[in-house]
Amino acid sequence: MSANGSPTVRRRRLGAELRSLRRAAGMTSMQVAKHLLVSQPKISLIETGRRPINPRDVRDLCRLYGVSEPGVVDSLMRMAKESARQGWWVACGDVPYGVYIGLETEAAAIHSYEPLVVPGLLQTRAYAAAIIAESIPCPPVEQAAVRLDVRLRRQHRAHHPARPLRLWTILDESVLHRIIGNREVMREQLEHLNGLGAQPHITVQVLPHSAGAHPGVTGQFSTLTFPDGDAGVVYLERFTGDLYVEKNADRRIYHIMYDHLQAQALNPIDSRYVIEDMIKTYTRPAPPSRVRPPAERAAAMAGV
């Protein structure tokens, strides 16, 4: 783990170590909770990395699990101390997906499927601002500004000079047609997308409408893998609460789904050509709208 690594990932790794020690000691989380006079959910949150733990409690758990080797105990207590540090995004204020940012910050690779919009790490400033403004009902100006700043700052991780993040993105074709902001914003976004896709650590594929039904029809998902043999996690973005899939059997399903999506999508070169064709359509004047004005639609429905 690098010295500036994510505290979120540190907590996950510490939790995994403590869970392994508990199981090796033949104890259930309920038994541990009763022994320490805490709730069972607290033990579960610690073991899944969703709650920090102080070094003293780590020491007490080691004693309970029969771990007496000083090197092991000291290492775990040091991880607890480091995991209590706050990530850069905490100082930004209202960031609803802070857990995900912590994982993203330390990930070695991210494979994502996006059915609706370009993923945040590949968005232009104008596209990101339009997404935030149009997808959140009446966002306060300050909150929208914070979210935009955080989203753009996250993108630095994708181009880290020492360890660039391996990104593989599959976009449903509808992403290219959905006008976010306006046509100029879309043209700029797609040009940016093709520029990023030309970099060796970023791959972009387009899943055409002709693919029909596919494993991604249930919605967006991303798989994150980490260095040092971390098991990884699957991230499912939701409006009111994100989901993190960590069980091996469940993660395996998503990896299989992604393999199928890669096979059904256009290859990166053909995807680039499709994106270039869409850029041309946004460069030309907008075609006449086929949508009736609201008053005309209402009159037609009334039989006038």
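Details of the structure are given in the entry above.
Residues numbered from 1 in each chain as written. Predicted model: local features only at pLDDT ≥ 70, side-chain atom pairs only at ≥ 80, totals over all residues. Heavy atoms only, no water.

A. Main features of the pairing of strand E5 (residues 233-236). Burial along E5 is two-sided: the face carrying Val233 and Tyr235 and the face carrying Val234 and Leu236 are both buried. Sheet topology places strand E4 (residues 221-225) next to E5; three bridges connect them, and they run antiparallel. Of the residues in E5, the one forming a bridge with Thr223 is Val234. (Buried < 20%, exposed > 50% of the residue type's maximum accessible area, 1.4 Å probe, protein only. Helix = DSSP H or I, 4+ residues; strand = E, 2+ residues; numbered from the N terminus. Pairing = 2+ DSSP bridges.)

B. The sheet that holds strand E2 (residues 166-172), seen in detail. The six strands lie next to each other as E3-E2-E1-E4-E5-E6, forming an open sheet whose pairing is mixed. On the outer flanks of this sheet lie strand E3 (202-207) and strand E6 (243-245), each paired with one strand and no other. Between one strand axis and the next, the sheet turns through 15° on average, direction left out of account. Where E2 lies against E3, six bridges are found, and the strand directions are parallel. The residue of E3 that forms the bridge with Trp168 is Thr203. (Axes fitted to C-alpha atoms, helices over the stretch in contact; angles between N-to-C directions.)

C. Just the environment of Ile279, in detail. Mapping Ile279 onto the fold places it in helix H12 (residues 268-283). Judged by relative accessible area, which is 11%, Ile279 ranks as buried. In the structure, Ile279 is positioned 93 residues away from Met186 in sequence and 7.8 Å away in space, judged by C-alpha atoms. Beyond its immediate stretch of four places on either side in the chain, Ile279 contacts Arg187, Leu190, Glu191 and Asn194. (Contact = heavy atoms within 4.5 Å.)

D. Up close: the packing of aromatic side chains. For the structure shown, the criterion picks out three aromatic pairs. Seen from their ring centres, Tyr113 and Phe221 are 6.3 Å apart, and the 45° between their planes marks the pair as tilted. Placement of Tyr113 in strand E1 (residues 109-114) and of Phe221 in strand E4 is noted, with a sequence separation of 108 residues between them. Taking relative accessible area as the criterion, Phe221 reaches 1% and is therefore assigned buried. Ring geometry for Phe221 against Tyr258: centres 6.1 Å apart, planes inclined by 85°, an arrangement best described as edge-to-face. Note that Phe221 is positioned in strand E4 and Tyr258 in helix H11 (residues 248-264), a separation of 37 residues in sequence. In textbook terms, an aromatic cluster arises when at least three aromatic residues are bridged by ring pairs, as seen for Tyr113, Phe221, Tyr254 and Tyr258. (Phe/Tyr/Trp six-rings, centres within 6.5 Å; stacked < 30°, edge-to-face > 60°.)

E. Quick look at unusual backbone geometry. A positive phi is found at Leu37, a non-glycine position, where the angle reads about 60°. You can call Leu37 exposed: its relative accessible area is 78%.

F. Inspection of the nonpolar core at higher detail. If you look at the biggest cluster of nonpolar residues, it comprises 38 residues, and the most contacted ones within it are Ile110, Tyr127, Leu167, Leu190, Leu193, Leu224 and Ile275. Listed by contribution, the elements that provide at least two residues to this core are helix H6 (98-106), helix H7 (125-135), E2, helix H9 (174-177), helix H10 (183-197), E3, E5 and H12. In terms of residues, this core owes the most to one element, H10, which gives five residues. Residues in contact with Ile110, not counting those within four places in the same chain, are Tyr100, Glu104, Leu121, Leu165, Arg166, Leu167, Trp168, Ser222, Thr223 and Leu224. Counting 16 residues, the second largest nonpolar core, distinct from the first, contains Leu18, Ile43, Leu61 and Leu76. (Core = buried A, V, L, I, M, F, W, Y, C linked by side-chain atoms within 4.5 Å.)

G. Region of interest: the side chain of Glu173. For Glu173, the location among the structural elements is in the loop between E2 and H9. Look at Glu173: it is buried, it has no salt bridge, and the nearest opposite charge is Arg178 at 12 Å. Contact partners of Glu173, with chain neighbours within four places excluded, come to Val206, Leu207, Pro208 and His209. (Lys, Arg positive; Asp, Glu negative; His and termini not counted. Salt bridge = Lys/Arg side-chain N within 4 Å of Asp/Glu carboxyl O.)

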